[in-house]
Every structure is written in C-alpha cells, then in structure tokens.
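# Results of the structural survey
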Amino acid sequence: MKPSILFVGAGRMAEAIISGLQNKKHDQIKDIFVTNKSNPTRLKELESKYGVIPKNQLIDRITQVDIIVLAMPPKDHEEVLKNIYPYITNQLIITIAAGIGPEHLEKRLPKETAVGWIMPNTAAEVGQSISLYAYGHFITDTHKQQMELIVNSIGASQYCSEEEIHKLTAITGSSPAFLYQFVESLISMTEELGMTKDVAQKLVTEMVIGSAEMLKTGKLPSDLREQVTTPGGATAEGLKVLKMGNFEQLIKNAVIATNKKAKG
Ligand SMILES: NC(=O)c1ccc[n+]([C@@H]2O[C@H](COP(=O)([O-])OP(=O)(O)OC[C@H]3O[C@@H](n4cnc5c(N)ncnc54)[C@H](OP(=O)(O)O)[C@@H]3O)[C@@H](O)[C@H]2O)c1
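Since the model is a prediction, treat every value here as computed from it, not as a measurement. (Residues numbered from 1 in each chain as written. Predicted model: local features only at pLDDT ≥ 70, side-chain atom pairs only at ≥ 80, totals over all residues. Heavy atoms only, no water.)

## Regarding a nonpolar patch on the surface
On the surface, Leu 179, Phe 182, Leu 186, Met 207, Leu 242, Phe 247 and Ile 251 cluster together into a nonpolar patch covering about 550 Å² of accessible area. Put simply, the parts of the chain that give the nonpolar patch at least two residues each are α6 (162-192) and α10 (247-263). Tallying contributions element by element places α6 first for the nonpolar patch, with three residues. Along the chain, the position of Phe 182 falls in helix α6. What makes Phe 182 partly exposed here is its relative accessible area of 39%. (Patch = residues over 30% accessible without salt bridge, like charges linked within 9 Å, V, L, I, M, F, W, Y side chains within 5 Å. Areas by Shrake-Rupley, 256 points an atom, 1.4 Å probe, with all protein chains shown as cover. Salt bridge = Lys/Arg side-chain N within 4 Å of Asp/Glu carboxyl O. Helix = DSSP H or I, 4+ residues; strand = E, 2+ residues; numbered from the N terminus. Buried < 20%, exposed > 50% of the residue type's maximum accessible area, 1.4 Å probe, protein only.)

Below, the structure is given as structure tokens:
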C-alpha cells in the first residue's frame, strides 16, 4: 500500500524532501500533506510547485496519514509532540531535527509508537545529501521501507545507531561548512594571484567538483593525493606547509568542538 505523508514544517528541508519524493518516488506515494505554523502563502507556494495538499490545521489529516515528518526546528518539537499525542494510532513519526533522536520522541509519544530520525545536510536541496538515519524500538519492516523511501529521495544514506548520529552529525552535517571555508580561502588566494572573483570562484569550484568525482570512483584519498604529488616536487612543498600547520589535527579539533557544542 502506498503511504500518505504529512510534513509538519514547510521550510527549506521540507521542500528538499518533498521535491526529491515528487521527482524520484512519486509512484510510491499516495498523498503529501503539508502544514506549518503561520504562513499560508508558503503552503500555497509548495502546492503550486509540487502538487502537495496544504493544511492550515496540524490535526486536520493526522489520523489518516501513514507517516508524519517533523520538519520544524528542534525548539518547536516539545509543543508539536504534545499536540499530536492524542491523535497517534499507528503512524510512523520521523524527525529531521538536529539533536532530537528516537529516544526523545519515544518518551513524548504514546507507548510503542514507531519513530525514526533522519539527519540530512544542506545538499538535500540538490538531491545530494549524505543522510544518517536511525530507528526507535517499535519499527516494523514496513516502517523501515517507508524510512528508506524518504531518506533515499534526497541522496545517499547510512543507517546508524542513535548515539552514532549524535557523534557523526559533525562530519556529515557541519563539515560542509569546513569545506566551504577551505574553498573561500582558495578563492581569496586566487584573487590575490590576479584573477577576478568570478573566475576565481569558477576555478576553485570546478577543482572541488572534479576532485569529488575522483573520490567517487572509490580510489583512496591517500592514493589520489600521491597521484598529484611528485616526491620532492612543488605540490609536496605545499603539503609540507599543511603538515607543519598540523592540518589533520586542526580538522579533528573542529569536529571535537562541534560535538562538544552540540551536546550542550
Ligand atoms: N536546513 C538544513 O540544512 C538542515 C539540515 C539538517 C537538519 N535540519 C533540520 O530540519 C528542520 C527544519 O529546518 P529548515 O532549515 O527547513 O527550517 P526553516 O526553513 O526555518 O523552516 C521551519 C519550518 O517549521 C515550521 N514550524 C515552526 N514551528 C512550527 C510549529 N509549531 N508547527 C508547525 N510548523 C512549525 C515553520 O513554519 P512558519 O514558517 O509558519 O513559522 C517553517 O515552515 C530543523 O529541525 C533543522 O534542525 C535542517
């Protein structure tokens, strides 16, 4: 049976998933309903773009859907979970919020509610997220298929334990910011070497895309690095500077700091 889905929250991430589902999985879904807090214009926009059904009231269709995706900020979960509690029968409840794992949901929903957690990253907007996902204790095989339907609509995915997602969000969710910082630094240097901002951005972006494609072949990053680096040559000299600046430890420290802050 094809599932119906209700999205609670109509922001950027909800749109990325809806777009992925409509583009790649529309034949596997019955209906998509969307609600938000206070912005009917946004619901109308999603209706015209993706053919979803806007709902101004959260509880309007809640008992008729198979999956509820909580796509609002973490701070709004407490209130929404309280509001939906009386209407939960056998729906699968999925959150995509940072820091809100299955344990948190199970504590706030009726006994034996099936719950799941998906942690996408911003590349979901272009269908290229690497998303982590975990299940609660009361998940059936059908729920697992439904979770996979959603998570795989926005890119690649990896099943993890809840504890692993808490630790790995820094790698898959936050590290794109570290990569963009690296890209910004190279663009700035390219401009210092005399190129315009546009040309600098093009050169660095294409270099990153090409390198990412090389990584996708499955070759080890260390082999790819060595392929570029003639021993004693110019690139080796640049790598020496990164080593002297403790590049590897610096990146590890950034991940450690991110996790420390996320824990609160
Ligand atoms: N963006 C990312 O890259 C990313 C990555 C991983 C995870 N996430 C998670 O995804 C979730 C959504 O992020 P986003 O970037 O899509 O946020 P967003 O663009 O700010 O959208 C938030 C949405 O939640 C709705 N909302 C807030 N409180 C609500 C309530 N009480 N009832 C119903 N709807 C409510 C808002 O409605 P109104 O507009 O009416 O206020 C809005 O539609 C967050 O939990 C975030 O942690 C995001």
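Here the narrative resumes, following the displayed structure.
## Notes on the pattern of salt bridges
Applying the stated rule across the entire model yields 12 salt bridges. For Arg 108, the salt bridge goes to Glu 78, with nearest N and O atoms at 2.9 Å. One end of the pair, Arg 108, is in helix α4 (residues 102-108); the other, Glu 78, is in helix α3 (residues 77-84), with 30 residues separating them in the sequence. By relative accessible area, which is 39% here, Glu 78 ends up partly exposed. Among the salt bridges present, the one from Glu 248 reaches Lys 252, with a minimum N-O distance of 3.0 Å. Taken together, the positions of Glu 248 and Lys 252, both in helix α10 and four residues apart, correspond to about one turn of that helix. Assessed through its relative accessible area of 54%, Glu 248 is described here as exposed. When salt bridges that share partners are traced, they join Glu 15, Arg 42, Glu 45 and Lys 49 into one network.

## Comments concerning the packing of α6 against helix α7 (residues 197-216)
Following both chains from N to C, one finds α6 and α7 inclined at 135°, their axes separated by 9 Å at the closest point. Compared by their axis directions, α6 and α7 come out oblique. The chirality of how α6 crosses α7 is right-handed. Taken together, the residues of α7 that come into contact with α6 (itself represented by Val 183, Leu 186, Ile 187, Thr 190 and Glu 191) are Lys 197, Ala 200, Gln 201, Leu 203, Val 204, Met 207 and Val 208. Its residues placed into classes, the contact of α6 with α7 shows eight nonpolar, two polar and two charged. (Axes fitted to C-alpha atoms, helices over the stretch in contact; angles between N-to-C directions. Parallel < 35°, antiparallel > 145°, perpendicular 65-115°, else oblique. Left-handed = near helix turned anticlockwise from the far one by under 90°. Contact = heavy atoms within 4.5 Å. Nonpolar A, V, L, I, M, F, W, Y, C, P; charged D, E, K, R; others polar.)

## Describing the pairing of strand β8 (residues 155-159)
For a regular strand, the rule is simple: side chains alternate between the two faces of the sheet. Here five bridges tie strand β7 (residues 129-135) to β8, and the two strands are oriented parallel to one another. Paired with Ser 129 across the two strands is Gly 155, which belongs to β8. In terms of handedness, the path from β7 via helix α5 (residues 141-151) over to β8 forms a crossover that is right-handed. (Pairing = 2+ DSSP bridges. Right-handed = clockwise from strand over helix to strand, strands pointing away.)

## Some details on the site of the ligand
Taken together, 22 residues surround the ligand, and among them Ala 10, Met 13, Lys 37, Ser 38 and Met 72 come closest. Arg 12 has a polar backbone atom sitting 3.1 Å from an oxygen atom of the ligand. Within the backbone of Ala 98, an N or O atom sits 3.3 Å from an oxygen atom of the ligand. Taken by itself the ligand offers 910 Å² of open surface, and the protein chains cover 77% of this. Residue composition of the shell around the ligand, grouped by class: 13 nonpolar, six polar and three charged. (Near = heavy atom within 4 Å. Polar contact = N/O pair within 3.5 Å; in protein donor to acceptor, adjacent residues only side chain to side chain.)

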